[in-house]
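Below, each chain spelled out in residue letters.
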Amino acid sequence: MTLKTLMAGVASATLFAGMVSAAEITVVSWGGAYTKSQVEAYHKPWMAKTGNTIVSEDYSGGMAEVKTQVESGNVTWDLVDVELADAVSACDQGLLETIDHSILPAGADGTPASEDFIDGALQDCAVASIVWSTIFAYDSSKMANGPTTIADFFDTAKFPGKRGMRKSPKANLEMALVADGVAAGDVYDVLSTSAGVDRALAKLDTIKADTVWWEAGAQPPQLLADGEVAMTTAYNGRIFNAVASEGKPFTIVWDAQVFDTDLWVIPKGTKNLEAALDFIVFSTATEQLAAQASWISYGPARKSSAALVSSFHNNPDLKMGLHMPTAPGNFANAINNDYIFWADNGDELNERFNAWLAK
Amino acid sequence: MSNISKKLLAADGTPLRKKLAQALFQSKLRAFGLVSPLLAFIIVSFIIPIITLLWQGVYDDDYATAMPNISEVVDAWDGYDAVSEGMYEALVKDVIIAMSMDRALTTKAGVRVNREISGAISMHKKLMRSIGKLKISYEGKEQKAKSIFRLLAKEDTERNFILSQNQRAEIGKKLTKEAIEKYAPFEQFVLKSDKKWSNIEIWRAMKVASVKFSPAYLAASLDYNYTFDGKFEKRDENRQIHILLFFRTLEISFIVTVACLLLGYPIAYLLAGLPVKSSNLLLILVLLPFWTSLLVRTTAWIAMLQGQGVMNDLFVVFGFATDDDRFSLIYNKTGTLIAMTHILLPFMILPLYSVMKTIPPSYVRAAKSMGATNWTSFWRIYFPQSVPGIGAGALLVFILAIGYYITPALVGGQDGQMISNFIDFHMRKSLNWNLAAALGLVLLIFVLFLFWLYDRIVGIDNMKLG
């Protein structure tokens, strides 16, 4: 669809909707290829269906804006795409509307929503749309026999070169422990002791001097492309898009991937609650979630969507199923991000991580 | 004297002194009227927000508001006696009332306690779940507390609660009364929801959290714990971070100021000595970076300094480094220093230039004509006259540098972070605005102290911006 037809479509939709009291909602997400996938799979069909308009805004994560808006009583964001830990903690702090899950439709195959969504996808104040994961990747044009396990990531003798990691304890501590021999399923048991944290930090110590720390999701593909790092942790969708859209020679290593969900939340006190809820119901339906997966390699949060996931939007040969975090070949040694653990221990682990980092 | 003034009268017969005072008052009023829009603007958009935010650094009533009963009980408790049934009961009572009013009240209280001891959030949530399963009668029907809370939270079409806050609180109290009659004692009930409630530390943490005016956040921003018995205890070494960062912030700001002075002084000197036409052209070059976005400039430095960047390529070409062993010029303290010096340089050059412009060249010529060498005439005659510009430039750069955070965030890596990056972290990521405010307060007090020190040593009047 060209921009022009889109504009015409939106314009006529607004005109028509003017008669049936259309709402205008502000939907906030992470920008880049990810927002594009949402615009294509959710926003456009929803606008066409309801006649409402969507103003799409970007943000860089965190709940600071939501907190400011809610506490000042001037809520201008109607829907925000957030990470699981943020969704839970913002809900705990009373910043979000609670969502009654009974409004969600059953899956396309008839499974009720409560069973169709994967574990942890339905929260008191949030409904998940995608599964994404933190993986590590390398440039295969520069490394013929590349790394295959998370232990290789920490082995600078065997694979020399700098490493890129997100400047946050999350995912890094987990990966470090698995690299140190902890089974993926035991990671959080080990991390909940002080000695376990020491162990993870000691493992990170072995590559600390060689590490470049990134903060925004767009940075790691850039670091790899510039040759700044030999391998880096990254969000799988970002690496996939660098490969699929820009033809970069990057390879993803799925061993010890840490997977997580992104969810829709509604800031408390929005004036467009009904439209926002309607958008959630629409966008997290089986078909929409599957449609989004043809734009970016994040897995749908509904099990029933998997059957409908096809190929990349402009390349029918690129089957998306193989590139999802949840694909059987990728999922073997996956770590499920434990949001309850992080809600309880996030403050303390951030302190310890930052103290470790600054030394 | 007084006799004379009494005799001086204005044309309309009032004493001249009174008339003069009136006139002065009027002109003052006019002047005040002229600045009052700006004053009002500053008060509304700057002073009030700053005070409200900093206030949060010493005041936090999240816990005391949500949990009034248990707050009172732990306040009276000495922190050593065994946890009593009365404390368990007060806790359950508060959670029931809070949940009747608003679900988030209890979780908010849990978040507050979690800042003192990890794990409190899920303990509070588990307790909420257990309480939700208790059967209590409401509107003539015995049902799960969970369903009652849901009924109480019903909203009308205008999105207001159907029941007022007081009504919900009253119902909450009634529910509590029944729950106590039916289910007390509560010790086993609470421990069954999570056995960690038997840990005395959690109750001590609640005691700390229940204090509204509390030095807890200020203590945390200086790497101390404020304990339940009112003492300050140094944090575990592996959690100490803020003092280190305050010192690093100082160190980086100081080095950047000195570097700006060393680089800026000769440029300003050159500019001041050139004819107006060429100096204006050069001045535009100094100002050019001002018209470029801060982000663009910082990103440009990344392209220049990174491992595969321009500088390192040059070093390799000229043999200062080998291809495998390039310099780490960015994502560390060096990167922060270089980028910040570049960005802050104009703030040093401009005050220096405008002060140097006013130094008459004839003084230096006079000194030379009396036999002073170039160096003596510069050092004894020119330099002292440029000191006010140095003072202004250095203070400007230093104070700007202390609050810098975008550049260190982008190029600072692990050891180039400054305290403002942590204020930013607590504002945006951890949502611990109280700690962010406390850190900001400490930083503000510190800057004011430096200002005072500067005034003492150099003198604030001895500073000129032109």
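Residues numbered from 1 in each chain as written. Chains lettered and ligands numbered in written order. Predicted model: local features only at pLDDT ≥ 70, side-chain atom pairs only at ≥ 80, totals over all residues. Heavy atoms only, no water.

Caption draft 1: Region of interest: the state of the cysteines. Residue and element names in this part refer to chain A. By the definition in use, this model includes 1 disulfide over all chains. Residue Cys-91 pairs covalently with Cys-125 via a disulfide, S to S 2.0 Å. Judged by the sign of its S-S torsion, about 50°, the bond between Cys-91 and Cys-125 is right-handed. Of this pair, Cys-91 sits in helix α4 (residues 84–92) while Cys-125 sits in the loop between β4 (122–123) and β5 (126–139), and the two are 34 residues apart along the sequence. You can call Cys-91 buried: its relative accessible area is 7%. The class of Cys-125 is buried, set by a relative accessible area of 2%. (Disulfide = S-S within 2.5 Å. Helix = DSSP H or I, 4+ residues; strand = E, 2+ residues; numbered from the N terminus. Buried < 20%, exposed > 50% of the residue type's maximum accessible area, 1.4 Å probe, protein only.)

Caption draft 2: Region of the structure containing the pairing of β5(A). Residue and element names in this part refer to chain A. Extensive coverage of β5 is indicated by the burial of 14 of its 14 residues. Sheet topology note: the β4/β5 ladder contains 2 bridges and is antiparallel. Bridge pairing links Leu-122 to Val-127 in β5. Connecting the antiparallel pair β4 and β5 is a turn made up of 2 residues. Pairing of β5 with strand β9 (residues 250–265), which is carried by 12 bridges, proceeds in the antiparallel orientation. Its bridge partner lying in β9, Ile-130 is registered against Asp-262. With 2 bridges joining them, β5 and strand β10 (residues 299–300) adopt antiparallel strand pairing. Bridge pairing in β10 links Val-131 to Gly-299. Bridge count between β5 and strand β8 (residues 231–235): 5 bridges; the pairing is antiparallel. Residue Ile-135 lies in a different strand from β8, and its bridge partner there is Ala-234. (Pairing = 2+ DSSP bridges.)

Caption draft 3: Focus on the nonpolar core. Of all hydrophobic cores here, the largest spans 50 residues; its most connected members are Leu79(A) and Val80(A). Every element with two or more residues in this core is listed here: β1 (24–29), α2 (32–50), α3 (64–72), β3 (79–83), α4, β5, β9 and α12 (273–283) of chain A. When residues in this core are grouped by element, the largest group, 7 residues, is from α12(A). Contacts of Leu79(A), omitting those with residues within four sequence positions, involve Ile25(A), Thr26(A), Val27(A), Val28(A), Trp264(A), Val265(A), Ile266(A), Pro267(A), Ala276(A), Phe279(A) and Ile280(A). Ranked by size, the runner-up nonpolar core spans 42 residues in total, among them Ile96(B), Val113(B), Tyr138(B) and Ala209(B). (Core = buried A, V, L, I, M, F, W, Y, C linked by side-chain atoms within 4.5 Å. Contact = heavy atoms within 4.5 Å.)

Caption draft 4: A look at a positive patch on the surface. On the surface, Arg129(B), Lys133(B), Lys135(B), Lys144(B), Lys146(B), Arg150(B) and Lys192(B) cluster together into a patch of positive charge. Elements represented by at least two residues in the positive patch include exactly α7 (120–133) and α8 (145–152) of chain B. (Patch = residues over 30% accessible without salt bridge, like charges linked within 9 Å, V, L, I, M, F, W, Y side chains within 5 Å. Areas by Shrake-Rupley, 256 points an atom, 1.4 Å probe, with all protein chains shown as cover. Salt bridge = Lys/Arg side-chain N within 4 Å of Asp/Glu carboxyl O. Lys, Arg positive; Asp, Glu negative; His and termini not counted. Charge placed at Lys NZ, Arg CZ, Asp CG, Glu CD.)

Caption draft 5: Broad picture of the packing of aromatic side chains. A complete count under the given rule lists 39 aromatic pairs over all chains for this structure. Consider the rings of Phe153(A) and Phe154(A), whose centres lie 5.6 Å apart with planes at 70°: the pair is edge-to-face. Note on Phe153(A): relative accessible area 0%, which makes it buried. We classify Phe154(A) as buried; its relative accessible area is 6%. With centroids separated by 6.0 Å and ring planes inclined at 80°, the aromatic side chains of Phe315(B) and Phe320(B) adopt a geometry described as edge-to-face. (Phe/Tyr/Trp six-rings, centres within 6.5 Å; stacked < 30°, edge-to-face > 60°.)

Caption draft 6: Structural view of the interface of chain A and chain B. Counting from both sides, the interface comprises 46 residues of chain A and, opposite them, 39 residues of chain B. Across the chain A to chain B interface the summed buried area is about 3600 Å²; carbon plus sulfur atoms make up 46%. When residues of chain A are sorted by the area they lose upon contact with chain B, Asp92(A), Asp344(A) and Glu351(A) head the list and together hold 18% of the total. Taken together, the links from chain A to chain B amount to 5 salt bridges. Our count for the chain A to chain B interface comes out at 18 residue pairs in polar contact (both at pLDDT 80 or more). Top contributing element to the side of chain A that touches chain B by residue count: helix α15 (residues 339–358) of chain A, with 13 residues. (Buried area = accessible area lost by both parts, 1.4 Å probe. Polar contact = N/O pair within 3.5 Å; in protein donor to acceptor, adjacent residues only side chain to side chain.)

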